[in-house]
Amino acid sequence: MLQQPELLSPAGSLETLKYAVLYGADAVYCALPEFGMRAAPPNFTPEELQEGCIFAHARGRRVYLTLNTLPTNEELARLPGVIEQAAAAGVDAFIIADLGVLRLAQKYAPGAEIHFSTQAGIANYAAATAACELGVKRVVLARELSLPDIAAIRDNAPPELELEAFVHGAMCMSVSGRCLLSSYMTGRSGNRGECAQPCRWKYYLVEERRPGQYMEIGENGDGSYILNANDLCTAPFLDLICQAGVDSLKIEGRAKTFYYVASVTSAYRRALDHYLANPAADSFDLPDDVLEELNRTSHRHYSPGFYFGRDKALQTPSHTYVRPWDFLGTVDSWADGVAHCTQRGKFCLGDTIEALQPDGSTVTLTPGWIRDEDGAAVDATPHPMMRYTIPCDTPLMPCSLLRMPKREG
């Protein structure tokens, strides 16, 4: 029987959840203000979580809530209420790293699935089997596993246990995200959702007898980022991850914008559908437009992570981001050759703009005029969140994303 893995996307806000669903996610993962591993995003109010579940379920998609911090004794008293509230909102599963939280979720939300977080460090089939015996439906595998490691877990773990693996996004320098560096250096614990990302900082070397003399460690004039892991990108070998027995393909990025999530989700949706169209093929030829899309969003240099062994999990000793395109706005509606839009970035009359649509198609347009919401002609869109209209002969789907190549200079 053909395995059809789930495409799982991050949602740091209700808006991002909706864009992830519209652009092809089978499921999304999100958090309430407490107990999730990302404190920086807006996250969800209980009311927004319920609205998000309604939106996703109406389209046949699922919603997972992260409860994967390591709570203190004082915080435990609040957890039952949070769990019951989330269950009432309609979440399908809880993503958990702590055994105490596991038992509380099973007690106060017995109808929801339990997924073990990557912070649980599931790196072998014995650990995966033990998780299943505890009532866990799915384990999010440790990021340090290779393809043969994953295949061995699939072959030896209970067949009813689902496996989830990360396929795209930022990589942490520690083992499965369990890191004390941020807590030690800044007082902000990465295990409690407050990571300051000191592994992304620029460092210098100081010799003990030469205080105040800072020596660069690296090759770049901007300094050396000695802990800076490259971003993960698995689209070119997504077939191998599926064949290893992974049930859910997870995109990292709850702190990312809705534009980033929509763009990356769209790319992996096309890659996965391309594989599923002919899974028995001798080779997997990734469509060119998939990598083109993944290269249009802001990212660090890409690597295949640990899937082909530790020597392929690369680092770049600089803070270089690839940001070749600018996000301009969203399409609210289209009618009679006119697109009604909301601005998120500036562009000028005559610029060549590309619209990425929820079905993965793109439309190119070069507006000969722009009118603001009062109907007045303008040469540019200088105001944040300005509403405007531009001509477009090709019908555009609502929630299409407008962007253009970054201007030189």
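Structure's up top.
Cut-offs applied
- Residues numbered from 1 in each chain as written.
- Predicted model: local features only at pLDDT ≥ 70, side-chain atom pairs only at ≥ 80, totals over all residues.
- Heavy atoms only, no water.
- 1 Å grid on protein atoms, 1.4 Å probe; cavity = no way out; pocket = protein on both sides within 12 Å on 5 of 7 lines; lining within 4 Å.
- Points joined across faces, edges and corners; volume = space filled by probe spheres on them.
- Nonpolar A, V, L, I, M, F, W, Y, C, P; charged D, E, K, R; others polar.
- Pairing = 2+ DSSP bridges.
- Helix = DSSP H or I, 4+ residues; strand = E, 2+ residues; numbered from the N terminus.
- Buried < 20%, exposed > 50% of the residue type's maximum accessible area, 1.4 Å probe, protein only.
- Contact = heavy atoms within 4.5 Å.
- Salt bridge = Lys/Arg side-chain N within 4 Å of Asp/Glu carboxyl O.
- Axes fitted to C-alpha atoms, helices over the stretch in contact; angles between N-to-C directions.
- Phe/Tyr/Trp six-rings, centres within 6.5 Å; stacked < 30°, edge-to-face > 60°.
- Parallel < 35°, antiparallel > 145°, perpendicular 65-115°, else oblique.
- Left-handed = near helix turned anticlockwise from the far one by under 90°.

(A) Empty space enclosed by the protein, seen in detail. The final tally for this structure, using the stated rule, is 2 cavities of 30 Å³ or more. Considered as a void within the structure, the largest cavity measures approximately 90 Å³ in volume. Lining of the largest cavity is provided by Leu141, Ala142, Arg143, Leu145, Ile150, Ala165, Phe166, Met171, Leu232, Gly305, Phe306 and Tyr307. Split by residue class, the lining of the largest cavity holds 10 nonpolar, 1 polar and 1 charged.

(B) Just the sheet that holds strand β16 (residues 362–365), in detail. Ordered by their spatial adjacency, 8 strands build an open sheet running β16-β15-β20-β13-β14-β19-β17-β18, and the pairing between neighbours is antiparallel. At either end of the open sheet lies a strand with only one pairing partner, and these are β16 and β18 (377–378). As defined by bridge partners, strand β17 (residues 370–372) adjoins strand β19 (residues 387–391) across 2 bridges and the pair is classed as antiparallel. Within β19, the residue paired with Asp372 across the bridge is Tyr388.

(C) Up close: the pairing of β16. Burial along β16 is one-sided: Val363 and Leu365 are buried, and none of Thr362 and Thr364, which face the opposite way, are. Note: strand β15 (residues 353–356) against β16, 4 bridges, orientation antiparallel. Bridge pairing in β16 places Ile353 opposite Leu365. If you look at the hairpin formed by β15 and β16, you'll find 5 residues sitting between the two strands, and Gly360 has a positive phi there, around 95°.

(D) Focus on helix α1 (residues 14–22). Looking at α1, one finds that the buried residues are Leu14, Thr16, Leu17, Tyr19, Ala20 and Val21. Buried residues along α1 sit in contact with β1 (6–10), β2 (27–30), α2 (46–58), α10 (258–277), β13 (325–335) and β20 (401–405). Following α1 by one or two positions, Gly24 adopts a phi angle in the positive range, close to 120°.

(E) Quick peek at the pattern of salt bridges. Counted according to the given criterion, the structure contains 21 salt bridges. A salt bridge links Glu162 to Lys137; the nearest nitrogen and oxygen atoms lie 4.0 Å apart. One end of the pair, Glu162, is in strand β7 (residues 162–169); the other, Lys137, is in the loop between α6 (125–133) and β6 (138–140), with 25 residues separating them in the sequence. Sharing partners across several salt bridges, the network here consists of Glu6, Lys137, Arg138, Glu162, Glu164 and Lys250.

(F) Quick look at the packing of α2 against helix α4 (residues 79–89). Packing of α2 against α4 leaves a shortest axis separation of 8 Å and a crossing angle of 35°. Note on element contacts: α4 touches α2 through Gln85, Ala86 and Ala89, opposite Pro46, Leu49, Gln50 and Cys53. Counted by class, the contact of α2 with α4 contains 5 nonpolar, 2 polar and no charged residues.

(G) Representation of the environment of Val28 within the structure. Tracing the chain through its elements places Val28 in strand β2. Among all residues touching Val28, those that are not within four sequence positions of it are Leu8, Ser9, Ala11, Leu17, Ala20, Val21, Arg62, Val63 and Tyr64.

(H) Structural detail: the packing of aromatic side chains. Per the counting criterion, the structure on display carries 8 aromatic pairs. Between Tyr19 and Tyr23, the aromatic rings sit 6.2 Å apart at their centres with planes inclined by 20°, giving stacked as the arrangement. Judged on exposure class, the residue Tyr19 and its partner Tyr23 are both buried. Ring geometry for Tyr275 versus Phe284: centroids 6.3 Å apart, planes at 80°, classification edge-to-face. When sorted by exposure, Tyr275 lands in the same class as Phe284, which is buried.

(I) Region of interest: the packing of α1 against α10. At a closest axis distance of 8 Å, the pairing of α1 and α10 adopts a crossing angle of 15°. Here α1 is positioned roughly parallel relative to α10, judged by the angle of their axes. As for how α1 packs across α10, the hand of that crossing is right-handed. Residues Glu15, Thr16, Tyr19 and Ala20 of α1 lie in contact with α10, whose contacting residues are Phe258, Val261, Ala262 and Thr265. The class makeup of the residues in the contact of α1 with α10 is 5 nonpolar, 2 polar and 1 charged.

(J) Summary view of the environment of Gln213. Along the polypeptide, Gln213 turns up in the loop between β8 (204–206) and β9 (214–216). Once you skip the residues sitting within four places of it in the chain, Gln213 turns out to touch Leu205 and Val206.

No statement about biological role is implied by the geometric values presented.
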